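Examining the three-dimensional arrangement
These are the residues of each chain, in order.
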Amino acid sequence: MKTIKQLLITIAVLLCSTTLHAHDFEVDGIYYNITSSDNMTVEVTYKDPNEYSGSIVIPSTVSYSGTVFNVTSIGEYAFSYCSGLTSITIPESVTSIKAYAFNGCTSLKDLRIEDGNTTLELSYNYHSTSKYDGDGKGLFYDCPLETLYLGRNIEYDKDYSCGYSPFYGIKTLSTVVIGSGVTSINNGAFSGCNALKVLNIEDGYETLSLGCNIYDGSGSGEGLFYNCPLETLYLGRNIEYETGYNYGYSPFYGIETLTNVSIGGSVTSLGSSVFSGCNNISTINLNSEIVRNWFSGITSIKEVIIGKNVTSITYNAFSGCTGFSSIYLMGDKAPIVGSGNFTDAQ
C-alpha cells in the first residue's frame, strides 16, 4: 500500500512539473508546443518564467525530429515576465497571439509584425469582468514600446474589458511604420499614444481605410491620431476615412505639432480636408503625379519640394498659402500648374 501511495505521489509531482514546464520541444532557444500533429503546427510557449531575453525573431517554420512544423500562434504567458526581452519579430505564419503573452515585459521596446495577407488575432493583457473592476488592458499594455512595424491587418476586442486596443495608452511609442499589406486601422488604435511623433505609411497601391479615435454621435468626434503629437508624416498611398464632426473630420485634423509632410508617388486621393487645422506644417515634399488641394489655406508652409514625378498641380491646390519662402523643383521639366496657385505667397 505504501508503494502505491509513493507511486501516486511521484505521478502527481511529474504532472505538476509538466504543467509548470509545459513544452514539447526546444529549437534555437525558443520553446514550442505541438498544436496539431495532423496539420504540423506549433505555438510558441515557455520553459520557465523570465526565460527569454534580448532580441527574439520567431521563425515561420521550425524543424524537429525530422518534421517541419508551421509556427502559427504565440501561446498564453509565452513571454510573460521576460523583463530582459527588448525586441521581438513576429512572422506572417503566426495568426494569433493569446492572452497575457507579453504580461510584464517591461523592457520590450521594438515590435515588428512582418508583412502578410492573413489577419493577426490579438488577445489582451488583462480582462475586466465589469466596469467596477476598471478597464482591461491591451496586449502590449506593460511594454514600453518605442517603435512598431505593422505589416498586416490586426483584429482584437475593442471594448473597455479588453483595454480598447493592443497599443492603447502606450506613452513611450514614438515611431510607427504601417506596411503596404495593411488595409485598415481600427477606431482608437493609437488612443493615448501621446509620444507618437513619426508615422510612415509605406508606399502601396491599395487604399488604406482609417477609423477615428472617438466617434461622437451628438458632439465633436476625434480623428484617429488626435492624441498623437505627430511631427513627421509620410503618406505613401491613398487613404480613406469618414468625414464630419462626428468622426473628427480627418485622421490628422488639428494636429498642431505636425511640421513635415511627404506625399509618395502612388497617392491620388487623400481627401480635401486631410490637413485641416494642421497650422504648423512648414515643409512639404511632393512626389505624387497630381498634386491636389490637400494643403490649401495652410499659411505656415514655408518650403515646398516638388519631386520629379509631379506632372500637374490642380486649380487652387495652394490657395491661401501665404507663407512660402522656398520652392524647389527636382525634375527636369516643370509640372503644369493650375490657376490660383502660388499667387498668395509673400
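Preceding this section is the structure that the text describes.
Rules used throughout
- Residues numbered from 1 in each chain as written.
- Predicted model: local features only at pLDDT ≥ 70, side-chain atom pairs only at ≥ 80, totals over all residues.
- Heavy atoms only, no water.
- Helix = DSSP H or I, 4+ residues; strand = E, 2+ residues; numbered from the N terminus.
- Buried < 20%, exposed > 50% of the residue type's maximum accessible area, 1.4 Å probe, protein only.
- Contact = heavy atoms within 4.5 Å.
- Areas by Shrake-Rupley, 256 points an atom, 1.4 Å probe, with all protein chains shown as cover.
- Lys, Arg positive; Asp, Glu negative; His and termini not counted.
- Charge placed at Lys NZ, Arg CZ, Asp CG, Glu CD.
- Disulfide = S-S within 2.5 Å.
- Pairing = 2+ DSSP bridges.
- Polar contact = N/O pair within 3.5 Å; in protein donor to acceptor, adjacent residues only side chain to side chain.

1. Observations concerning the overall build of the protein chain
- The helix and strand tally for the protein chain stands at 1 helix and 29 strands.
- For the protein chain, the proportion of its 346 residues judged to be buried stands at 43%.
- Look at the contacts in the protein chain between residues 6 or more apart in sequence, and 58% of them connect residues 24 or more apart.
- With an accessible surface of roughly 16,300 Å², the protein chain has 48% of that area assigned to carbon and sulfur atoms.
- With 17 positive and 33 negative side-chain charges, the protein chain shows a spacing of 4 Å between the two charge centroids.

2. A closer look at the environment of Ile-298
- With respect to the secondary-structure elements, Ile-298 resides in the loop between β25 (290-291) and β26 (303-306).
- Accessibility expressed as a relative area gives 6% for Ile-298, which makes it buried.
- In this structure, the C-alpha to C-alpha distance between Ile-298 and Phe-318, residues 20 residues apart in sequence, is 8.1 Å.
- Setting aside residues up to four positions removed in sequence, Ile-298 forms contacts with Phe-275, Cys-278, Ile-281 and Cys-321.

3. Section: the state of the cysteines
- Under the criterion given, the structure shown has 0 disulfides.
- Not engaged in a disulfide, the cysteine Cys-162 finds its nearest cysteine sulfur in Cys-143; these two sulfurs lie 16 Å apart.
- The buried category is assigned to Cys-162, whose relative accessible area is 7%.
- Cys-278 takes part in no disulfide bond, and the closest cysteine sulfur, belonging to Cys-228, lies 12 Å away.

4. So, the sheet that holds strand β29 (residues 336-337)
- A sheet is described by the order of its strands in space; here 3 strands give the open sequence β25-β27-β29, paired in parallel fashion. Strands at the two margins of the open sheet, each flanked by one partner only, are β25 and β29.
- Bridging between β25 and strand β27 (residues 312-313) involves 2 bridges; their strand directions are parallel. The residue of β27 that forms the bridge with Ile-290 is Ser-312.

5. A short note on unusual backbone geometry
- Non-glycine residue Met-40 carries a positive phi angle of around 55°.
- By relative accessible area, which is 36% here, Met-40 ends up partly exposed.
- Positive phi, close to 60°, is recorded for Tyr-81, a residue that is not glycine.
- Of note, Tyr-81 is situated in the loop between β6 (67-74) and β7 (84-90).

6. With respect to the side chain of Asn-341
- One can find Asn-341 in the segment after β29.
- In this structure the side chain of Asn-341 is engaged in a polar contact, spanning 2.9 Å, whose partner is the backbone nitrogen of Ala-317.
- A distance of 2.7 Å separates a polar atom in the side chain of Asn-341 from the backbone nitrogen of Phe-318.
- Asn-341 has contacts with Ile-313, Thr-314, Tyr-315, Asn-316, Ala-317, Phe-318 and Ser-319, leaving out every residue within four places of it along the chain.

7. Overview of the side chain of Asn-246
- Take Asn-246: it is sitting in the loop between β22 (239-240) and β23 (260-263).
- Since its relative accessible area comes to 17%, Asn-246 is described here as buried.
- A distance of 2.7 Å separates a polar atom in the side chain of Asn-246 from the backbone oxygen of Asp-216.
- Residues within four places of Asn-246 in sequence aside, it is in contact with Ile-214, Tyr-215, Asp-216, Gly-217, Ser-218, Gly-219 and Gly-221.

8. Topic: the sheet that holds strand β18 (residues 208-210)
- Spatially, β16-β18-β22 is the arrangement adopted by the 3 strands of the open sheet, whose pairing is parallel. The open sheet is flanked by β16 (184-185) and β22, the only strands paired with a single partner.

9. Points about the environment of Thr-299
- Of note, Thr-299 is situated in the loop between β25 and β26.
- In this structure Thr-299 comes out as partly exposed when scored by relative accessible area, which is 47%.
- Once the C-alpha coordinates of Thr-299 and Phe-324 are considered, the two residues, 25 residues apart in sequence, prove to be 8.0 Å apart.
- Discounting chain neighbours no more than four positions away, the residues touching Thr-299 are Gly-320, Thr-322 and Gly-323.

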